[in-house]
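# Geometric and topological summary
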Amino acid sequence: MRLLLIRHGQTIDNVNGALGTAIPGPGLTPLGKRQAAAIPDSLGSIPIDAIYVSTMQRTHETAAPLALARGLVPVVLDGIHEIDAGDLEQRSDEEAIRTYMGTIFSWWGDFDARIPGGEDGNEFYARYTAAIEQVATAHPKGTIAVVSHGAAIRTWASYASQNIDAEFSRTHLLENTAVVVLEGSAVEGWVTTYWADEPIGGASLEDASAPDPTAGVRPAG
Ligand SMILES: O=C(O)[C@@H](CO)OP(=O)(O)O
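Remember, it's a predicted structure, so these values are computed and weren't measured experimentally.

Thresholds, definitions, all that
- Residues numbered from 1 in each chain as written.
- Predicted model: local features only at pLDDT ≥ 70, side-chain atom pairs only at ≥ 80, totals over all residues.
- Heavy atoms only, no water.
- Helix = DSSP H or I, 4+ residues; strand = E, 2+ residues; numbered from the N terminus.
- Polar contact = N/O pair within 3.5 Å; in protein donor to acceptor, adjacent residues only side chain to side chain.
- Salt bridge = Lys/Arg side-chain N within 4 Å of Asp/Glu carboxyl O.
- Buried < 20%, exposed > 50% of the residue type's maximum accessible area, 1.4 Å probe, protein only.
- Core = buried A, V, L, I, M, F, W, Y, C linked by side-chain atoms within 4.5 Å.
- Contact = heavy atoms within 4.5 Å.
- Expected span 1.5 Å × (residues − 1).
- Bend = angle between axes of the 7 residues up to and from the residue.

## Structural notes on the side chain of arginine 7
Following the sequence through the fold, arginine 7 ends up in strand β1 (residues 2-7). A polar contact of 3.0 Å, which involves the side chain of arginine 7, links it to the backbone oxygen of leucine 174.

## Notes on the pattern of salt bridges
Opposite charge on two side chains permits pairing when their charged atoms draw close. Within the structure shown, the criterion is met by 6 salt bridges. Between arginine 170 and glutamate 167 there is a salt bridge, with its nearest N and O atoms 3.6 Å apart. With a gap of 3 residues between them, arginine 170 and glutamate 167 both fall in helix α8 (residues 166-171), about one helical turn apart. By relative accessible area, glutamate 167 is classed as partly exposed at 45%. Bridged by salt links that share partners, the residues Arg114, Asp120 and Glu123 form one connected network.

## Describing the nonpolar core
Within the largest apolar cluster, 42 residues are counted, with the highest numbers of intra-cluster contacts made by Leu3, Leu5, Ile83, Tyr100, Tyr128, Trp156 and Trp190. Residue assignment for this core shows that the elements contributing at least two residues are β1, β2 (50-53), α5 (94-106), α6 (121-138), β4 (143-148), α7 (150-160), β5 (179-185) and β6 (189-195). Top contributing element to this core by residue count: α7, with 7 residues. With residues up to four places along the chain from it excluded, the contact list for tryptophan 156 reads Leu3, Leu5, Phe124, Tyr125, Tyr128, Thr129, Ile132, Leu182 and Trp190.

## Structural notes on helix α4 (residues 57-70)
For α4, which comprises 14 residues, the first-to-last C-alpha distance of 20 Å matches the rise-based estimate of 20 Å (1.5 Å per residue) to within 8%. When the local axis directions of α4 are compared, the greatest deviation, roughly 35 degrees, occurs at alanine 64, which is followed within four positions by the proline proline 65. If you check which residues of α4 are buried, you get Arg58, Thr59, Thr62, Ala63, Leu66 and Ala67. Contact partners of the buried residues in α4: β1, α2 (30-37), α3 (39-42), β2 and β4. Just beyond α4, the residue with positive phi is glycine 71, at close to 65 degrees.

Structure follows, in structure tokens:
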């Protein structure tokens, strides 16, 4: 099967560079809505068998134009929400962003590392993998759009893919509505076949001035 992991469109937290992981969280900014509106045309004639969204409002608004264009009703999937920022929630200072993304990247060596008051690597990887397994079981031969989150897609796709290493993961960002494509199955495993850093509708839909943590942080180490 083929998974299109799509990051949601821009939110006010992305504009402010704030760690926003509380559920349900904010909807999209005007730019975020334009990014979402560009998704149906950008996917062209690629067949989509189902659309899944997280428990967070921004993924629902991002999926809406694609759902309308394809005559599909998005299904809410528990387990694909953003990585819990815990005590760092709503912080936008450099130390908080470094701790959040730095802990996530340290999972390459230690899944037990925990974001203060938030998740550790075991918890995140288990819940995201279980959700994707549910999708894979329901659509073994399908092409499925999963609208999820920056840190979550970047992290899960990296760890789940046989062809992605720590260096690739650190250096490949994920702007709002950027897409990562994985092919495979829960049994055979996954291979990343496409990773676009920029919005699916093109670089003109990027907000270069937004200090968005997922799109802008390449932690060292
Ligand atoms: O801002 C981000 O990069 C992350 C973490 O806050 O979340 P999201 O992709 O859901 O916006």
